[in-house]
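Here are the chains, one letter per residue:
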Amino acid sequence: MQRFGILTKTQVEKVHEASLQILEQVGVDFSYPPALKVLKKAGAKVEGERVFFSAKLVAQQIKNAPKQFTIYARNPENNVIIGGRHMVFTPGYGAPFVADIVNGRRKATLNDFKNFAQLTGASVNLDILSGNVVEPNDIPHEIRHAQMFYTSVKNSDKCFMGSAMGQQAARDSIRMASILFGSEGQLAEKPRFISILGPLTPLKYDLRMLGALMEYAKAGQPQQISSLSIAGATGPVTLAGNLALQNAEILAGIVLAQLVRQGTPVVFAGVSSIAEMRSGALSIGSPEMAMNTAATAQMARYYNLPSRSGGAVCDAKIPDAQAAYESMMSLLMAQVSGINFVLHAAGIIDTYNCMSYEKFIIDDEMCGRVKRIKKGFKVNDDTLGLNAIKEVGPGGHFLDKDHTFKHFRGELYQPTLVNCDDFDGWLAKGSPQSMEAANKKCKEILDNYEAPELSADVDKDLLKFIENMR
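Given the structure is predicted, the values throughout are model-derived calculations rather than measurements. (Residues numbered from 1 in each chain as written. Predicted model: local features only at pLDDT ≥ 70, side-chain atom pairs only at ≥ 80, totals over all residues. Heavy atoms only, no water.)

Trainee: A description of the packing of aromatic side chains should follow, citing residues and the corresponding values.
Mentor: Under the definition given, this model contains twelve aromatic pairs. Summarising the aromatic geometry, the rings of Phe116 and Tyr357 are spaced 4.5 Å apart at their centres and angled 20 degrees between planes, so their arrangement reads as stacked. Taken together, the positions of Phe116 in helix 4 (residues 110-122) and Tyr357 in helix 12 (residues 357-375) put the pair 241 residues apart, joining distant regions of the chain. Judged by relative accessible area, Phe116 falls into the buried class, the value being 1%. Measuring from ring centre to ring centre gives 6.3 Å for Phe149 and Phe193, while their planes differ by 85 degrees; the resulting arrangement is edge-to-face. Separated by 44 residues along the polypeptide, Phe149 in helix 5 (residues 141-155) and Phe193 in strand 10 (residues 193-197) bring together distant segments of the chain. Residue classification places Phe193 among the buried positions, given a relative accessible area of 0%. Taken together, the aromatic side chains of Phe149, Phe160, Phe181, Phe193 and Tyr216 make up a single cluster linked through ring pairs. Above the ring of Phe97, the side-chain terminus of Arg105 is found at 4.4 Å from the ring centroid. The aromatic ring of Tyr72 is capped on one face by Lys190, whose charged end is 4.8 Å from the ring centroid. (Phe/Tyr/Trp six-rings, centres within 6.5 Å; stacked < 30°, edge-to-face > 60°. Helix = DSSP H or I, 4+ residues; strand = E, 2+ residues; numbered from the N terminus. Buried < 20%, exposed > 50% of the residue type's maximum accessible area, 1.4 Å probe, protein only. Lys NZ or Arg CZ within 6 Å of the ring centre and 35° of its normal.)

Trainee: Hey, could you go over empty space enclosed by the protein for me, with residue numbers and the actual values?
Mentor: Applying the stated criterion to the full structure yields one cavity of 30 Å³ or more. Every residue along the wall of the largest cavity is listed here: Leu239, Asn242, Ser272, Ser273, Ile274, Glu288, Met289 and Asn292. At the level of elements, helix 9 (239-260), strand 15 (273-276) and helix 10 (287-302) are the ones that each hand at least two residues to the lining of the largest cavity. Among the elements that make up the lining of the largest cavity, the one with the highest residue count is helix 10 (three residues). Among the residues making up the lining of the largest cavity, the classes are represented as three nonpolar, four polar and one charged. (1 Å grid on protein atoms, 1.4 Å probe; cavity = no way out; pocket = protein on both sides within 12 Å on 5 of 7 lines; lining within 4 Å. Points joined across faces, edges and corners; volume = space filled by probe spheres on them. Nonpolar A, V, L, I, M, F, W, Y, C, P; charged D, E, K, R; others polar.)

Trainee: Account for a nonpolar patch on the surface, naming residues and giving values.
Mentor: Taken together, the side chains of Phe377, Val379, Leu384, Leu386, Ile389 and Phe398 define a hydrophobic patch exposed on the protein surface, amounting to about 660 Å² of accessible area. As for its placement among the helices and strands, Leu386 is situated in helix 14 (residues 386-392). (Patch = residues over 30% accessible without salt bridge, like charges linked within 9 Å, V, L, I, M, F, W, Y side chains within 5 Å. Areas by Shrake-Rupley, 256 points an atom, 1.4 Å probe, with all protein chains shown as cover. Salt bridge = Lys/Arg side-chain N within 4 Å of Asp/Glu carboxyl O.)

Trainee: Provide a residue-level description of unusual backbone geometry, including the pertinent values.
Mentor: With an omega dihedral of 10 degrees, the bond running from Thr201 to Pro202 counts as a cis peptide bond. With respect to the element layout, Pro202 can be found in the loop between strand 10 and strand 11 (204-205). The phi dihedral of Thr351 is positive, around 55 degrees, even though this residue is not glycine. Tracing the backbone through its elements, the reader meets Thr351 in the loop between strand 19 (348-349) and strand 20 (354-356). Classification of Thr351 as buried rests on a relative accessible area of 14%.

Trainee: Explain the layout of surface pockets to me, and be specific about the residues and the numbers.
Mentor: By volume, the largest pocket amounts to about 860 Å³. Tyr93, Ala164, Ile196, Arg208 and Met209 are, among the 40 residues lining the largest pocket, the residues nearest its centre. Mapped onto the lining of the largest pocket, the elements with two or more residues apiece are helix 5, helix 6 (166-181), strand 10, helix 8 (207-218) and strand 12 (223-227).

Trainee: Requested: an account of the pattern of salt bridges, with residues and values cited.
Mentor: Per the stated rule, a full pass over the model turns up 17 salt bridges. Between Glu184 and Arg171 there is a salt bridge, with its nearest N and O atoms 2.7 Å apart. Here Glu184 is found in helix 7 (residues 184-189), whereas its partner Arg171 is found in helix 6, with 13 residues between them in sequence. Taken together, the shared-partner salt bridges in this structure form one network comprising Asp100, Arg106 and Asp112.

Trainee: So what's going on with the environment of Leu331? Residues and values would help.
Mentor: Here Leu331 lies in helix 11 (residues 321-337). Classification of Leu331 by relative accessible area gives buried; the value is 0%. C-alpha separation for the pair Leu331 and Arg3, spaced 328 residues apart in sequence, amounts to 14 Å. Each residue touching Leu331, except ones within four places of it in the same chain, is listed here: Phe89, Gly311, Ala312, Val342, Ala345, Met366, Cys367 and Val370. (Contact = heavy atoms within 4.5 Å.)

Trainee: Explain helix 17 (residues 434-448) to me, using residue names and the numbers behind them.
Mentor: Taking 1.5 Å of rise per residue, the 15 residues of helix 17 would be expected to cover 21 Å, and the 21 Å separating its terminal C-alpha atoms lies within 8% of that figure. All buried positions along helix 17 are accounted for by Met435, Ala438, Asn439 and Cys442. Down the axis of helix 17, the buried set is contained in an arc of 100 degrees. They therefore lie on one face. Within helix 17, the exposed residues directed more than 90 degrees away from the buried face are Lys440, Asp447 and Asn448. (Expected span 1.5 Å × (residues − 1). Arc of directions from axis to C-beta.)

Trainee: Break down the pairing of strand 8 (residues 104-107) for me, citing the residues and quoting the values.
Mentor: Bridge count between strand 7 (residues 97-100) and strand 8: four bridges; the pairing is antiparallel. Each bridged residue has a counterpart across the sheet, and for Ala99 the counterpart in strand 8 is Arg105. Hairpin connection of strand 7 to strand 8: three residues between the antiparallel strands. (Pairing = 2+ DSSP bridges.)

Trainee: Which residues make up helix 1 (residues 9-26), and what are the values?
Mentor: Taking 1.5 Å of rise per residue, 18 residues should cover 26 Å, and helix 1 covers 25 Å from first to last C-alpha, within 8% of that figure. Val12, Val15, His16, Ser19, Leu20, Ile22 and Leu23 are the residues of helix 1 that are buried. Across the axial projection of helix 1, the buried residues extend over an arc of 155 degrees, all falling on one side. Away from its buried face, by an angle of more than 90 degrees, helix 1 presents the exposed residues Lys14 and Gln25. Tucked inside the fold, the buried residues of helix 1 contact strand 1 (28-30), strand 3 (50-52), helix 3 (55-62), helix 9 and helix 10. Positive backbone phi, at 85 degrees, marks Gly27, one or two positions downstream of helix 1.

Now the structure itself:
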C-alpha cells in the first residue's frame, strides 16, 4: 500500500540541511573519552567534550549502515526483518508502574515483567519482547538488567532487547546472549537482540548511553539510535525546528556507531513530541507526536535506513476513551507512514509511566487490526468477484456463495476481544465491557501459557552468571 508522507521532498531536504548546520556549527557534547577519541581520529573537530561534524563525515558514515537487517530468534519462525516494507511491534518500555482493574496502580515487580513477557510470547501480533517492559522495583539495581534478560529468554523464544544501562550492562547482555547462542563472533554474524540508545536532548550524549552504544557496536548488535526532543521544552517549539534537532542528534549517534564498527545495524529512531504548555509536561498523545512519526519515517527513508517511532502511546491515566483515540491515532500513523520498528505498541498509559494489563490486551487487538490494514487489497480477477456478483444479481446476498467461503477467512480480520454481536446478543452475554473482557482474557492467557523449552544447561549457566554478579 502507499505510504503517507507529511513532508514534501523539498521540506525533507531543508530539514537535512538544517541538521547538518546544527552538527557543524553548534555541535554535540559527548561525555565519554573513548567516544571522543574515536570521533577525533575520524576527523571530527573536538573541543573539550563538544564534537563538530562535517557534512562529509556524516554522509560517509550514514552510507555504511545497512538499509535492512535480520534479528535471529531462538525459534527461527520468530526471526524478524527490520527495514524495507517490514513492520514489527514491541510492547511498552521502561514503565515503573503497572495497573489492572483488580489491584489498581502499583510499583512494578519482576513477576509483572514475567507476565508481560508471557503475554508477548502468546501474542500473534507482537514480534519482539521489550527489554524493559516494566521496571522490576523488587530486584536490586546492580543485577536488574541481567534478571530481565533471563526472564525474557526463559519465557519466550521471540527476539528480545538488551539493556541500555551503560557499558557494563551492555557487556553483560552480550555475555548472556553468548551463553544462549554461541560465541560473540557468532552473535555478530547473526544478531540476536537489539537495544535502544540515545542522547540527553538537546545535543548531549552521556557516559551511560555512549558506553552501551559503543559496546553493542563493537559486538555488531543492532541498536535504535533514538531521540526524544520535546518541542517548547528541550527543543524549538516549532515542529520543523524540533525535527531538525531530533535529526541531528540521531545522525550524531549513528556516525559514532559506524566509526566503532562499520556496518553496525542501526534504526533511525525519532519519538519527539511536545510540551503541554499549560503544565510543561511531556505529551505523547498529541497530534504533533503523530505528525513527527510520519516525518521521522520520511527522514529515515531519505537516509535509506530503517525507522522507529512510538506505537499505542497516550497521556491517559487509565484505559479510557482518551487512551483509545490517542493510541490508535499514533499506532495507525506509524503504520501508514511506513515505520519499521514500532516500540510501545501495547500497554502504555500515563505518558510512559505505567503499563496496564487491560490496555495491553486491547492494544494487542489494535495491532492485529493495523497489521490487517497494512496487508491492503489484493486486486485480481478472483478477488474482484465478478462471477459472484453476476450470480447474485440485484437484491440477492453473498452469505452462502462459494466465493465467500473461499475468501472470508483470509480477507476479513477476525477480532478476538471486541463484541460484534447485535444489541440483543450483547445483552444476552451480560453486556460485557471492554475492560472486563480484557482482564478476563489476560488471566486466561497467563493461566494457560506454556513457556518454550530452554536447555537445562543453558538455564543453569544463565542463572550462574546472575549469581556471580551478586
